[in-house]
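Single-letter residue listing:
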There are 2 protein chains.
Amino acid sequence: MSTMKLTLLTDFYELTMMQGYFKCGMHQKVVFDAFYRRNPDDGGYAICAGLDQVIDYVKRLTFSKEDIDYLRSLNTFDEDFLQYLADFHFSGDIYAIPEGTVIFPREPLVKVVAPIMEAQLMETAILNIINHQCLIATKAARVCYAAKGDGIMEFGLRRAQGPDAGTYGARAAVIGGCIGTSNVLTGQLFDVPVLGTHAHSWIMSFPDEYTAFKKYAEYYPDNCVLLVDTYDTLRSGVPNAIRVFTEMKAKGWKPKKYGIRLDSGDLAYLTKKARKMLDDAGFADASIAASSDLDEYVIQSLKSQGACIDSWGVGTNLITSKNTPAFGGVYKLAAIEGPDGSLIPKIKLSENTDKITNPGNKQVWRIYDRQYHKIRADLISMDDEVFDPEQDLIIFDPKETWKKTKIKAGTYDLRPLLVPIFKNGECVYESPSVLEIRDICTREKDSLWDETKRFVNPHEMYVDLSDKLYKIKADLLEELSMKALQSE
Amino acid sequence: MSTMKLTLLTDFYELTMMQGYFKCGMHQKVVFDAFYRRNPDDGGYAICAGLDQVIDYVKRLTFSKEDIDYLRSLNTFDEDFLQYLADFHFSGDIYAIPEGTVIFPREPLVKVVAPIMEAQLMETAILNIINHQCLIATKAARVCYAAKGDGIMEFGLRRAQGPDAGTYGARAAVIGGCIGTSNVLTGQLFDVPVLGTHAHSWIMSFPDEYTAFKKYAEYYPDNCVLLVDTYDTLRSGVPNAIRVFTEMKAKGWKPKKYGIRLDSGDLAYLTKKARKMLDDAGFADASIAASSDLDEYVIQSLKSQGACIDSWGVGTNLITSKNTPAFGGVYKLAAIEGPDGSLIPKIKLSENTDKITNPGNKQVWRIYDRQYHKIRADLISMDDEVFDPEQDLIIFDPKETWKKTKIKAGTYDLRPLLVPIFKNGECVYESPSVLEIRDICTREKDSLWDETKRFVNPHEMYVDLSDKLYKIKADLLEELSMKALQSE
């Protein structure tokens with residue numbers, strides 16, 4: 001993506017709608033919200049990621065001559081509209097929740113405030129980028145939580161859904177907490193650690209396993225993790241590794257990092273046996289890395305069984321978010337400029353109450369418990385509302401509105417989550433580096449109670465609506481409902 | 001990918017192994033096979049896709065100065081090896097099964113015969129590309145099978161795992177049978193039909209639904225599919241659509257394509273009601289398109305319920321292959337050049353019998369029933385074997401070898417599936433266009449019995465080993481097993 005312009009990475013209907021607005025002479029400003037409805041893996045939270053690529057996309061959002069020629073060839077677009085596209089550049093405002101932030105369902109993650117044609121065009125690419133990276137960052141956070149501080153290496157490139165899924169997926173995985181990735185391109189593009197030693201093919205290319213290990217240790221004495229399961233882990237692999245370590249030690253070897261890796265078999269049983277063999281041979285400081293269809297549940301199970309594993313290579317299940325391979329983010333119209341220039345809130349109905357949108361130009365507030373610095377709740381308000389943490393705050397459940405909670409004055413702090421990214425088409429935000437975002441994410445995850453981070457029946461964080469927003473929403477629902485009755 | 005060089009789209013360990021081979025002076029030729037072990041969704045087959053992007057990758061496989069500088073910065077590689085990389089280009093042979101072909105587990109899809117360093121480097125990118133596109137092409141074939149000839153539109157870009165997943169996923173979906181995609185970039189890159197009309201936001205941008213429909217019909221009279229579920233499908237959406245169709249008809253409207261689309265609710269109930277309303281109003285030729293979390297199972301269920309749907313927009317579940325989001329292809333060393341220049345077969349053991357590889361330089365033969373032109377079985381042989389369909393052929397199950405079948409002389413035809421793609425580093429293959437590949441794929445799917453295409457307990461196609469390959473494999477297993485016993 002770093003070298004690719006994504007202007008035509010859009011659904012065709014964005015362009016047919018744009019031309020429709022163009023023909024209607026509709027240039028009014030609108031508000032679109034990108035948000036999601038359900039945490040992946042039935043979890044209690046998600047991690048925001050992908051903003052830097054959205055910024056890159058918006059900055060390059062122009063139509064080349066080839067793009068215009070291609071669109072002309074579709075016999076759907078008029079020359080005046082194509083001329084408009086040829087001159088297109090983004091002129092609006094974008095607000096977003098910074099990468100690495102903990103997020104919850106229904107919160108606007110990206111808010112576009114721009115002329116309707118511009119805001120409409122951007123829908124598909126924004127969703128594509130945000131949906132993908134939020135998904136993988138969230139999965140990585142879950143996997144890292146299961147590993148309780150052990151290093152998680154992202155190893156999934158070969159099973160990712162195409163080159164970008166591997167490359168930006170690895171970026172998101174590092175944001176979520178991984179110590180590094182096997183993907184060299186991600187290392188090059190984002191300056192994150194790249195990791196790995198050798199595969200089974202290395203072992204099979206030599207006359208025997210011992211020779212393969214010995215050669216590897218000679219060439220890479222400082223980072224010598226030997227893969228021991230090509231032929232037989234306990235009868236051949238571990239004994240040959242110990243033989244090589246012993247010979248290297250006799251020559252005065254002082255490795256920075258050394259050990260073994262297992263990629264198959266019963267990892268609980270084999271790592272305990274291998275640990276004892278290594279310890280008995282005097283290699284108590286040799287690390288044991290494991291891979292092989294791992295995810296947060298397998299890691300949690302292996303740790304509870306006392307498996308002797310220090311670091312984990314996680315591939316397919318992380319890079320595809322296997323159990324929940326789509327984040328499900330949507331991009332919905334929330335307001336449209338009226339004749340007087342004010343933004344008129346809009347709502348989308350649905351037979352499914354969960355799918356009814358929150359209208360208007362909004363802000364998201366995070367309410368922290370002042371004593372523990374943990375998240376107490378989130379509050380979605382209209383953009384122009386202000387709150388004073390030195391006053392009591394009454395919040396209520398957006399679905400079951402009789403459930404009210406008073407948060408006492410002086411016991412909480414507030415932080416607005418949506419920050420300005422573009423103003424009048426100019427980028428006003430500088431993204432931190434990926435490793436800086438990982439640090440931010442670490443602090444963000446620390447702001448969650450374990451009850452929200454657990455995998456089974458996590459505590460659902462409250463995301464409440466302000467009084468003002470709630471009333472606007474209720475009035476719109478009432479109005480539409482009356483209209484529907486009248487039309488019968 | 002069309003504009004991106006993917007040289008560093010590789011696992012770090014490919015490069016550390018390459019340097020190891022370089023230091024050992026290992027330049028011998030090897031054979032690597034890319035194959036998969038299990039059909040997605042527990043199906044009976046898969047569809048091969050992605051080869052054109054593999055070719056593109058191999059053609060551009062050189063290290064730029066920036067790549068070399070980046071690798072140097074990792075403090076892992078020596079200058080002589082970096083110089084080797086700076087001069088790198090692929091010099092070997094590649095064979096592959098053409099795109100659109102029906103494939104089965106354990107068959108080599110791509111075979112690389114090249115100096116070990118070159119063949120090793122390519123592992124990750126080949127797997128990434130092939131795994132992704134085979135996965136989505138297979139899912140598309142399943143979805144199209146459920147739709148029994150109705151058009152399937154690929155609509156998943158916003159939920160795809162990044163830009164490439166959307167773009168190359170849509171390419172693969174068209175190969176698998178989709179009539180087109182919403183993704184304009186895929187249309188531009190691969191000359192496939194792009195489809196779509198408008199979203200809920202179009203409706204919400206106008207004072208009322210009727211006005212929104214009317215404007216859309218005016219601007220796009222030839223392709224006027226109106227989305228009827230923004231407010232209330234049966235009370236508002238369908239009546240407003242009928243009102244607009246009636247007004248258009250009064251003006252002498254002769255649309256190429258018109259109708260309605262539903263994106264939510266009980267599609268069986270709503271489409272039957274909507275069909276009746278349209279028919280009663282004189283619009284029996286109006287089409288009904290449906291979307292909303294569809295997959296092959298939902299489509300099969302809706303059709304069995306008599307839902308009145310003519311065309312289907314399939315998004316998330318297709319573009320992510322939701323139930324099986326990874327294809328699981330692997331790339332295994334199968335042979336290595338000996339001192340005399342011959343290729344010595346190699347095998348990888350595993351405690352899991354399914355994971356034991358097939359050794360040697362191989363070919364895959366498709367055995368067709370001469371009378372019905374359907375696939376009878378596939379046969380994996382050594383590359384130098386020839387078979388005469390005018391002689392009896394005895395094949396046996398690779399796992400339960402006592403299960404033998406005689407295919408009588410004159411009743412079958414044979415086709416070798418692996419064809420030359422690169423020879424001595426030069427591409428010798430020209431990829432058909434994507435729409436041509438879709439036609440190939442249609443014929444390929446027709447070569448399967450319905451028993452293999454069904455979703456529940458499909459018939460497992462036999463993929464047998466030739467006598468010669470079976471004996472080589474058995475001898476290698478025996479040899480390794482004796483070695484293991486001796487080492488105890």
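Residues numbered from 1 in each chain as written. Chains lettered and ligands numbered in written order. Predicted model: local features only at pLDDT ≥ 70, side-chain atom pairs only at ≥ 80, totals over all residues. Heavy atoms only, no water.

**Section: the overall build of chain A**
The secondary structure content of chain A amounts to 17 helices and 21 strands. Projected onto the principal axes, the alpha-carbon positions of chain A cover approximately 85 × 60 × 40 Å. When the accessible surface of chain A is totalled, it reaches about 18200 Å², and 50% of it is carbon and sulfur. Charge-centre separation for chain A: the mean point of 58 positive side chains lies 5 Å from the mean point of 69 negative side chains. (Helix = DSSP H or I, 4+ residues; strand = E, 2+ residues; numbered from the N terminus. Areas by Shrake-Rupley, 256 points an atom, 1.4 Å probe, with all protein chains shown as cover. Lys, Arg positive; Asp, Glu negative; His and termini not counted. Charge placed at Lys NZ, Arg CZ, Asp CG, Glu CD.)

**A few points about the domain arrangement of chain A**
Its domain assignment divides chain A into domain 1 (12-136 + 325-487) and domain 2 (196-292). One C-alpha centre belongs to domain 1 of chain A, the other to domain 2 of chain A; they are set 49 Å apart. (Domains from an automatic or database assignment.)

**Remarks on the environment of A217(B)**
Residues and elements named next belong to chain B. With respect to the helices, strands and loops of the structure, A217 is situated in helix 10 (residues 209-219). Note: C-alpha distance between A217 and K399 (182 residues apart in sequence) is 61 Å. Beyond its immediate stretch of four places on either side in the chain, A217 contacts C224, V244 and M248. (Contact = heavy atoms within 4.5 Å.)

**Re the relation of the copies chain B and chain A**
When chain B is brought onto chain A, the operation consists of a screw motion whose angular component is 180° and whose axial shift is 0.0 Å, with 0.0 Å RMSD remaining. Expressed as a symmetry operation, the mapping of one chain copy onto the other fits a two-fold axis. Measuring from the rotation axis to each C-alpha of chain B, the shortest distance belongs to D164(B), at 2.7 Å. (Least-squares fit on C-alpha atoms with pLDDT ≥ 70 in both.)

**Side note on the interface of chain B and chain A**
Taken together, the contact between chain B and chain A spans 97 residues of the former and 97 residues of the latter. When the two sides are added together, the surface that chain B and chain A hide from each other amounts to roughly 8500 Å², 59% of it contributed by carbon and sulfur. Three residues, R158(B), Q161(B) and M204(B), lead the burial of chain B against chain A; their summed loss comes to 10% of the area buried on that side. The closest approach of N and O atoms between D11(A) and R158(B), which form a salt bridge, is 2.8 Å. If one sorts the elements of the side of chain B that touches chain A by residue count, helix 1 (residues 12-24) of chain B sits on top with 11 residues. The class makeup of the residues in the side of chain B that touches chain A is 47 nonpolar, 31 polar and 19 charged. (Buried area = accessible area lost by both parts, 1.4 Å probe. Salt bridge = Lys/Arg side-chain N within 4 Å of Asp/Glu carboxyl O. Nonpolar A, V, L, I, M, F, W, Y, C, P; charged D, E, K, R; others polar.)

**As for the environment of G259(A)**
Residues and elements named next belong to chain A. For G259, the position within the fold is in strand 9 (residues 257-262). Taking the C-alpha atoms as reference points, G259 and V30, 229 residues apart in sequence, are found 58 Å from one another. Beyond its immediate stretch of four places on either side in the chain, G259 contacts C224, V225, L226, F245, A286 and S287.

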